[in-house]
Amino acid sequence: MPTHRSLRMAEAIREVVATTILFDVADPRVRSVTVLRVEVSADLKNATVYVSIMGTEAERAQAFNGLNHATGFLQARVAARLQTRFTPVLKFKHDESVKKSVEMARLIEEALASDQRPQMASSEPVAVVPDESAACKSARGHPAGGSIPESS
């Protein structure tokens, strides 16, 4: 179970890495990268940064290589922010949760759209039975039945 200190440290690392990637990393390979979360080890010496990278498979691989190349720069920024005795060693992992949630949303939309379309399950003709309640209502003079009662 993470301690309060490790949770604070993980949030600080996430914030520093995300803003540094967004504003300070000059590597053109690092594009469309979103830092999702950070997990810090119990001894606070290792940090796993979970990222989501949008684009094609080649663009994702290229951005991941750029992130690994910029690890030293990012770690220096984290060290300046944390000011602890040991700076956690950053390791990046690709997180598929965003991709999976987009796929799940697409499947839900597809299922809802198919439920909205009328279903023609069989090719047999369907017998139409007239609504007898409407005929009974019109015979009694009900307003929904078609004849309007006269007011006095």
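Scroll up to find the structure this text is about.
Residues numbered from 1 in each chain as written. Predicted model: local features only at pLDDT ≥ 70, side-chain atom pairs only at ≥ 80, totals over all residues. Heavy atoms only, no water.

**Student:** Give me the lowdown on the overall build of the protein chain, citing residues and values where you can.
**Tutor:** Scanning the protein chain for helices and strands turns up five helices and three strands. Secondary structure elements of the protein chain occur, N-terminal to C-terminal, as α-β-β-α-α-β-α-α. Here the contacts in the protein chain between residues at least 6 apart in sequence split such that 60% fall between residues at least 24 apart. Only carbon and sulfur atoms are counted for the fraction: they give 56% of the accessible area of the protein chain, which is about 11200 Å². (Helix = DSSP H or I, 4+ residues; strand = E, 2+ residues; numbered from the N terminus. Contact = heavy atoms within 4.5 Å. Areas by Shrake-Rupley, 256 points an atom, 1.4 Å probe, with all protein chains shown as cover.)

**Student:** Go over the sheet that holds strand β2 (residues 46-53), please, and point to the residues and values.
**Tutor:** The strands that make up a sheet are held in pairs by hydrogen bonds between backbone atoms, and each pair lies either parallel or antiparallel. Taken in spatial order, the three strands line up as β1-β2-β3 in an open sheet, and their pairing is mixed. The sheet is open, and its two borders are formed by β1 (33-40) and β3 (89-94), each paired with just one other strand. Direction aside, the axes of adjacent strands within the sheet are offset by 30° on average. Where β2 and β3 come together, six bridges link them in parallel fashion. Bridging across to β3, threonine 48 finds its partner in lysine 91. (Pairing = 2+ DSSP bridges. Axes fitted to C-alpha atoms, helices over the stretch in contact; angles between N-to-C directions.)

**Student:** How would you sum up the nonpolar core? Please name residues and give values.
**Tutor:** By size, the foremost hydrophobic cluster in this structure holds 26 residues, and its most contacted members are Ile13, Val17 and Ile21. Broken down by secondary-structure element, the contributors of at least two residues to this core are α1 (4-23), β1, β2, α2 (57-69), α3 (71-82) and β3. With seven residues, α1 is the single largest residue contributor to this core. The contacts of isoleucine 21, once residues within four sequence positions are left out, are Val30, Val33, Val35, Leu67 and Leu74. (Core = buried A, V, L, I, M, F, W, Y, C linked by side-chain atoms within 4.5 Å. Buried < 20%, exposed > 50% of the residue type's maximum accessible area, 1.4 Å probe, protein only.)

**Student:** Can you tell me about the environment of leucine 22, naming the residues and giving the values?
**Tutor:** Tracing the backbone shows leucine 22 in helix α1. Its relative accessible area of 62% is what places leucine 22 among the exposed residues. Separated by 11 residues in sequence, leucine 22 and valine 33 have C-alpha atoms that sit 8.2 Å apart.

**Student:** Before we move on, could you go through the pattern of salt bridges and cite the residues and values that matter?
**Tutor:** Per the stated rule, a full pass over the model turns up eight salt bridges. Two residues, glutamate 39 and arginine 37, come together in a salt bridge whose shortest N-O distance is 3.6 Å. Accessibility expressed as a relative area gives 39% for glutamate 39, which makes it partly exposed. Ionic pairing is found between arginine 60 and glutamate 57, a salt bridge with its closest N-O pair at 2.7 Å. Remark: glutamate 57 and arginine 60 occur in helix α2; sequence separation between them is three residues, near one turn of the helix. (Salt bridge = Lys/Arg side-chain N within 4 Å of Asp/Glu carboxyl O.)

**Student:** I'd love a proper account of the environment of arginine 29, names of residues and values included.
**Tutor:** Following the sequence through the fold, arginine 29 ends up in the loop between α1 and β1. The sequence separation of arginine 29 and glutamate 59 amounts to 30 residues, and the corresponding C-alpha distance is 7.9 Å. Dropping the residues within four chain positions of it, arginine 29 is found in contact with Gln62, Ala63, Asn65, Gly66 and His69. Within polar-contact distance, the side chain of arginine 29 engages the side chain of aspartate 27 at 2.8 Å. (Polar contact = N/O pair within 3.5 Å; in protein donor to acceptor, adjacent residues only side chain to side chain.)

**Student:** Any chance you could break down the environment of alanine 47 for me, citing the residues and the numbers?
**Tutor:** On the secondary structure map, alanine 47 appears in strand β2. C-alpha of alanine 47 to C-alpha of methionine 9: the two residues are 38 residues apart in sequence and 9.5 Å apart in space. Not counting chain neighbours up to four residues away, the residues in contact with alanine 47 comprise Ile13, Val38, Glu39, Val40, Pro88, Val89, Leu90 and Lys91.

**Student:** Describe in detail α2, supporting the description with residues and values.
**Tutor:** The α-helix advances 3.6 residues per turn, and as a result positions three or four apart in sequence lie on the same side. Counted at 1.5 Å a residue, the expected span for α2 with its 13 residues is 18 Å, and the 18 Å between its end C-alpha atoms agrees. Those residues of α2 not exposed but buried are Arg60, Ala63, Gly66 and Leu67. Within α2, the buried residues cover an arc of 125° as seen down the axis, which keeps them to one side. Turned more than 90 degrees away from the buried face of α2 sit Glu57, Ala58 and His69, all of them exposed. On its buried face, α2 is in contact with α1, β1, β2, α3, β3 and α4 (97-116). (Expected span 1.5 Å × (residues − 1). Arc of directions from axis to C-beta.)

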